[in-house]
Amino acid sequence: MIKRFSLLSLVIIAVACQPEQPKRYQGMVADSAMVVCAHPVASRIGIDIMRKGGNAVDAAVAVQLALTVAFPEAGNIGGGGFMILREPTGKSVALDFREKAPSRAFRDMYLDSTGNVIDKLSTKGALASGVPGSIDGMIEMHTRYGRLPWKDLVQPAVDLALKGIALTQREADNLNHAQLKLKKYNTVTPHYLLNEWRAGDTLKWTELGHTFERIRDEGRKGFYEGKTADDIVAEMKRSNGIITHDDLKNYHSQWVEPISASYKGYTVISMPPPSSGGITLIQLLKSIEPYPVEKWGHNSAKTIHLYTEAERRSFADRAVHLGDPRFYDIPTSTLTSESYITERMSTFNPDKATRSTDVREGNVMPEHTETTHISIVDKDGMAVSVTTTLNDWFGNYVVVAGSGFFLNNEMDDFSMKPGVPNSYGVTGGLKNEIQPGKTMLSSMTPTIVTKNDSLFMVVGSPGGPRIMTAVFQTIVNVIDFKLGMQEAVDAKRIHSQWLPDAIFPEYGAISKRDSIRLSDMGHSVKTLNDLDKGLTFIGRVDGILVLPNRKLEAGADGKRGDDSAAGY
Ligand code: DON
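Small disclaimer: the values here were computed from a predicted structure and weren't measured.

Here is what the cut-offs are and how they apply
- Residues numbered from 1 in each chain as written.
- Predicted model: local features only at pLDDT ≥ 70, side-chain atom pairs only at ≥ 80, totals over all residues.
- Heavy atoms only, no water.
- Helix = DSSP H or I, 4+ residues; strand = E, 2+ residues; numbered from the N terminus.
- Buried < 20%, exposed > 50% of the residue type's maximum accessible area, 1.4 Å probe, protein only.
- Areas by Shrake-Rupley, 256 points an atom, 1.4 Å probe, with all protein chains shown as cover.
- Near = heavy atom within 4 Å.
- Polar contact = N/O pair within 3.5 Å; in protein donor to acceptor, adjacent residues only side chain to side chain.
- Nonpolar A, V, L, I, M, F, W, Y, C, P; charged D, E, K, R; others polar.
- Domains from an automatic or database assignment.
- Buried area = accessible area lost by both parts, 1.4 Å probe.
- Salt bridge = Lys/Arg side-chain N within 4 Å of Asp/Glu carboxyl O.
- Pairing = 2+ DSSP bridges.
- Contact = heavy atoms within 4.5 Å.
- Axes fitted to C-alpha atoms, helices over the stretch in contact; angles between N-to-C directions.
- pLDDT = per-residue confidence, 0-100.

S.K.: Can you lay out the overall build of the protein for me, pointing to particular residues and giving the numbers?
M.R.: When helices and strands are tallied, the protein shows 18 helices and 18 strands. Along the first, second and third principal axes, the C-alpha atoms of the protein reach 85 × 60 × 50 Å. Scored against the burial criterion, the 568 residues of the protein give a buried share of 63%. For the protein, the computed accessible surface area is about 21,500 Å², with 54% contributed by carbon and sulfur atoms.

S.K.: Talk me through the site of the ligand; I want residue IDs and the actual numbers.
M.R.: The full set close to the ligand counts 14 residues, and Glu-370, Thr-371, Asp-413, Ser-442 and Ser-443 are the nearest of them. Residue Asn-391 places a side-chain N or O atom 2.8 Å away from a nitrogen atom belonging to the ligand. One of the backbone nitrogen or oxygen atoms of Ser-443 is found 2.6 Å away from an oxygen atom of the ligand. In the complex, the protein chains occlude 97% of the 340 Å² of accessible area that the ligand would expose alone. Of the residues in the shell around the ligand, the class split is four nonpolar, six polar and four charged. Residues from two domains meet in the shell around the ligand; each of domain 1 (33-250 + 373-431) and domain 2 (256-370 + 444-567) gives at least three.

S.K.: With reference to specific residues and values, describe the domain arrangement of the protein.
M.R.: Taken as a whole, the protein is organised into domain 1 (33-250 + 373-431) and domain 2 (256-370 + 444-567). Carbon and sulfur atoms make up 59% of the area that domain 1 and domain 2 hide from each other, which totals about 4,400 Å². Linking domain 1 to domain 2 there are two salt bridges. Between Asp-562 and Arg-170 there is a salt bridge; the shortest N-O distance is 3.2 Å. Here domain 1 is connected to domain 2 by 17 residue pairs in polar contact (both at pLDDT 80 or more). Elements that contribute at least two residues to the side of domain 1 that touches domain 2 include exactly β2 (34-37), α2 (40-51), β3 (80-86), β4 (92-96), α6 (169-184), β10 (372-377) and β11 (383-389). Looking at the side of domain 1 that touches domain 2 residue by residue, the class counts come to 27 nonpolar, 20 polar and 12 charged.

S.K.: How would you sum up the sheet that holds strand β1 (residues 29-30)? Please name residues and give values.
M.R.: Strand pairing in a sheet takes place through backbone hydrogen bonds and is either antiparallel or parallel in direction. Strand order in the open sheet formed by seven strands is β1-β17-β16-β13-β12-β9-β8, with antiparallel pairing between adjacent strands. Looking at which strands have only one partner, the edges of the open sheet turn out to be β1 and β8 (259-263). As defined by bridge partners, strand β13 (residues 454-460) adjoins strand β16 (residues 542-546) across four bridges and the pair is classed as antiparallel. Paired with Val-459 across the bridge in β16 is Gly-543. Those strands touched by helix α11 (residues 277-288) are β8, β9 (266-270) and β12 (447-451), and its axis lies near 15 degrees from that of β8. Where helix α16 (residues 466-479) meets the sheet, it contacts β8, β9, β12, β13 and β16, and its direction lies at approximately 145 degrees from that of β13.

S.K.: For the confidence of the model for the protein, give the residues involved together with the corresponding values.
M.R.: With 93% of its residues at a pLDDT of 70 or more, the protein has an overall mean of 92. This model gives residues 1-20 a pLDDT under 50, and the stretch forms six contacts once residues within four places in sequence are excluded.

S.K.: Go over unusual backbone geometry with me, naming the residues and quoting the values.
M.R.: Going from Pro-273 to Pro-274, the amide bond is cis rather than trans, its omega being 20 degrees. With an omega dihedral of 0 degrees, the bond running from Leu-499 to Pro-500 counts as a cis peptide bond. Relative to the helices and strands, Pro-500 resides in the loop between β14 (494-495) and β15 (504-505). Positive phi, normally seen in glycine, also occurs at Lys-120, with a value near 70 degrees. Looking at where Lys-120 falls in the secondary structure, it is placed in the loop between β4 and α4 (134-145). Positive phi, close to 75 degrees, is recorded for Arg-550, a residue that is not glycine. Inspection of the secondary structure puts Arg-550 in the loop between β16 and β17 (552-555).

Next up, the structure:
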């Protein structure tokens, strides 16, 4: 009896000592087609487009435009983004519709006469904007892949803007939080946005509705020329900005080759530079591939220590080696090669934290050669992964008077000055310094994962540098920890990025015991609590998983946002 009791207590103790595993449940499951994005109204618009015979690209265009109204913090026509698309044939392509520096931009434009960064100049007001790429990107995608007429994809956004949208509690809170800045950074006050908003209130975007009508009727010219362009340039003149008519006319998004790598028998397809997303994601996955994290446990001290050491090395590389490949050679193949990553991780000590000050970028030989995410799969298996952004919540807070949309503050993603962190705390150097026409380095990581040449997962997230660690953990949650899509999205996340030298867990992500173990290894563990920047959460991941029976499971980040899935 005593023996049986002690055996039982041993089992109980052993179980109690296991790191907590997330519970088993599923997200929305659909037979054929699915949209997952930041707002239920936009998800429904996307799925309606597919019911009417549109494909995943048609749906992506309609969702992107609708999010400008439904989720104005990040949904946009005044910003830019990236898309990874996988055709039903298995071919993958990438579209770069990220903003570019205006022609009058120059390296030290945010520094004062003594060489110090001028506070907020790269984040608030018209000077913070890069030349917007979203509309050109939508038109490129549609011209190459769309099935329904362009007008049918823009009309839902026209209707939504003119009829108005009922605010969710979260949207009302975010708008209320923005009131002072909306007054401060606009030369023509956007009165229709000023209010004490409550959930259920209807917000109409009349000027934006008419801008959508011009885009619907005139396509590219409806944004980059005519009244919309005049309004943007007038806004610049009133508010000390530098975007010109020529900058707008000359903006063109670009098709680029996605980058890919294998991870435990899966193929990960993601965004190449000028996003750092794909390279960093691949470096993180390849760095942890040799280790049995599934045995060590989800968010256990051992697993988090490994993630952090991989992140320290990858983010050090990001700061020095990455930038716009049209201006500097980016050693993509070296940085993502097995041998380079193995060498980088050769100093990994399973028991002890490295100090970030002791970690520098790796040696490479020159080679020649508030954001929101939308995941969509259509009935033919075409998959679209789009991440798009204004950078910060509501971009630079400037609403283009007469045209009614927010402008981005993407210039802050350039390195203002070597070694000085931007608003997301990431540093950069020479390769990411400001030059006219150059694209600022991004962390956006729209990603598609395949297995045996079949679609497996579509995934992405907002969150600045946290995007890469959020997407990384979501993929590992599914592949290594065998979680479903919704479980993988819901699971608590941790983040680190080389500098500052600390681990940032979401509230409840790490047990007290594991936190102590991490401190004992030499890590500094800090809980996220900067509400103003939404930093209590790491990412807002929206994904779709193809189940073994070929049905689609949604992972909508409805706990961290209003994110929601629609499917049929
Ligand atoms: O491109 C980037 O890396 C940043 N502009 C993304 C900012 C972002 O994700 C904000 N979202 N919460």
